[in-house]
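A structural walkthrough
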Amino acid sequence: MTQVNFSSDKEPKKARLARLQQSPNFKDGKFQNQTRTEMMAENASFWKIMKDRFSSDVVKSPEEAIPVIKRDLTQPVLSEKLQFTWFGHSSFLLQWQGKNILVDPVFSKRTSPFQFLGPKNFLGTDVYQVEDLPAIDFILISHDHYDHLDRKTIEKLAKKVKQFYVPLGVGAHLQDWGIPQENIKELDWWNEVQITPELFLAATPARHFSGRSLTDRNETLWTSYVLKSRDQSIYLGGDSGYGEHFKQIGEKYGPFDITMLECGQYNTNWPSIHMMPEETAQAHLDLKGKVLMPIHWSKFALALHAWTEPIERLLAETEKQGIVVTTPQIGELVQLDKPATQSHWWQQKSK
């Protein structure tokens, strides 16, 4: 089998490389989706996308700071029930069964290898930084794109985190950034881990891709996650186009008390790797979810749509389907055993 073509400064250890090669999702030197997945639509082209980007007059970013809630996150959590704080896009802190679990943390201003170039965070969304976080028991990373895996954030977090759970291959990035190998657990799709006596974790499929440069496409895996306690469960979707995997996961691990699903950064030019808002609603139904939390929006403009379009389209569809949606502000405390927050904060002006 063809070896992974990692660059020399990110050479994985032999044991990790051997595991990549043993994965049923790894073929011809690359990770593969379950179903055929093209990066671009048949009629799409770089020049068409550039034309759309510069000819569009939609408001891709808010013109003033969006309203956020600043709280002290270091206070101990007394409840065993799930509660969480969203930091915008796909980053959030889960506090559950006495553990602090951080998901796809990105606290840099830009989703880019350079902090002077690339998509910049919306005004007001950088109110939280690594210094505001409590000690972290576990970090979950869904894939290695810059808007989900941020080197500066990881390096700042290194001494605050006990364990990282990442898709196959992503551990090479972390080790290169100084994270000890013993603190990294790499997972393939359908791998299961009892991370504590109270919390169960499963890595589950997604329909996406990976890579941090022009030469490393799909050399690491991308994943979604299932987290369960004895009486609560959550689905963490990462990035994914719509596909049959949602029904498979729903059948195997559902129902879910809450699904966190991408809702943003979509376009008809790349319909297979991100979901349209209407597909997000359908994925929630496939997963047998009770409450839907839209993520992957309201912090970075990575697509061509208006920044509020994802949530407006999603709410129009979920109203038709009778789906309960929670729409917390950045920084708001969400407690899963209480009624879902349903404010339309994106229509408000910051104070």
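Now for a look at the structure at hand. This structure is a prediction, so every number in the text was calculated from the model and none was measured.

Quick look at the pairing of strand S7 (residues 161–167) now. For S7, the tally of buried residues reaches six of seven residues, placing the bulk of the element in the interior. Where strand S6 (residues 136–140) and S7 come together, four bridges link them in parallel fashion. Looking at S7, one finds that Ile136 is bridged to Val161. Inspection of the sheet shows S7 paired to strand S8 (residues 184–187) by four bridges, in the parallel sense. Across the sheet, residue Tyr165 finds its bridge partner in S8, namely Lys185. With helix H4 (residues 171–176) bridging S7 and its parallel neighbour S8, the resulting β-α-β unit is right-handed.

On the surface, a cluster of nonpolar side chains totalling about 360 Å² of accessible area is made up of Phe114, Phe116 and Leu117. Within the secondary structure layout, Leu117 lies in the loop between strand S5 (99–103) and S6.

Right, let's get into unusual backbone geometry. Note: most peptide bonds trans; most residues except glycine with negative phi. In this structure, Pro255 follows Gly254 across a cis peptide bond, with omega equal to -5°. Mapped onto the secondary structure, Pro255 falls in the loop between helix H5 (245–253) and strand S13 (256–262). With a phi close to 55°, His89 is a non-glycine residue in the positive phi region. A relative accessible area of 1% places His89 in the buried class. In this structure, His296 is a non-glycine residue whose phi angle is positive, near 70°. Looking at His296, the relative accessible area reads 1%, which means it is buried.

Take the pattern of salt bridges next. The final tally for this structure, using the stated rule, is eleven salt bridges. Of the charged contacts, one joins Glu219 and Lys30 as a salt bridge, the two residues approaching to 3.7 Å between their closest N and O atoms. Pair noted here: Glu219 is in the loop between strand S10 (200–204) and strand S11 (224–228) and Lys30 is in strand S2 (residues 30–31), with a separation of 189 residues, a long-range link. Of the charged contacts in the structure, one is a salt bridge between Glu309 and Arg313, with a shortest N-O distance of 3.3 Å. Of this pair, Glu309 and Arg313 both sit in helix H7 (residues 309–321), four residues apart, which is roughly one turn of the helix. A relative accessible area of 25% places Glu309 in the partly exposed class. Put simply, Glu278, Glu309 and Arg313 are held in one network by salt bridges that share partners.

Rules used throughout
- One numbering rule holds for all chains: residues counted from 1, following each sequence as written.
- Totals for whole chains, interfaces and linings use every residue, but because this is a predicted model, local features are given only for residues with pLDDT of at least 70 and side-chain atom pairs only at 80 or more, for both listing and counting.
- Each side-chain value is worked out from all heavy atoms of the structure, with water and hydrogens disregarded.
- To sort residues, take the accessible area from a 1.4 Å probe on protein chains only and compare it with the maximum for the residue type: under 20% means buried, over 50% means exposed, and anything in between is partly exposed.
- The secondary structure listing takes helices from DSSP runs of H or I that are at least 4 residues long and strands from runs of E that are at least 2 residues long, numbered from the N terminus.
- Pairing between strands requires that DSSP locate at least two bridges from one strand to the other.
- Orient the strands so they point away from the viewer, and a crossover whose first-strand-to-second-strand path over the helix runs clockwise is right-handed.
- Patch rule: a residue counts if its relative accessible area is over 30% and it has no salt bridge; like charges are joined within 9 Å, and nonpolar side chains (Val, Leu, Ile, Met, Phe, Trp, Tyr) within 5 Å.
- Areas reported here follow the Shrake-Rupley algorithm with a probe of radius 1.4 Å; residue values treat only the protein chains shown as occluding.
- Note on definitions: salt bridges are taken to be side-chain nitrogens of Lys or Arg within 4 Å of carboxyl oxygens of Asp or Glu.

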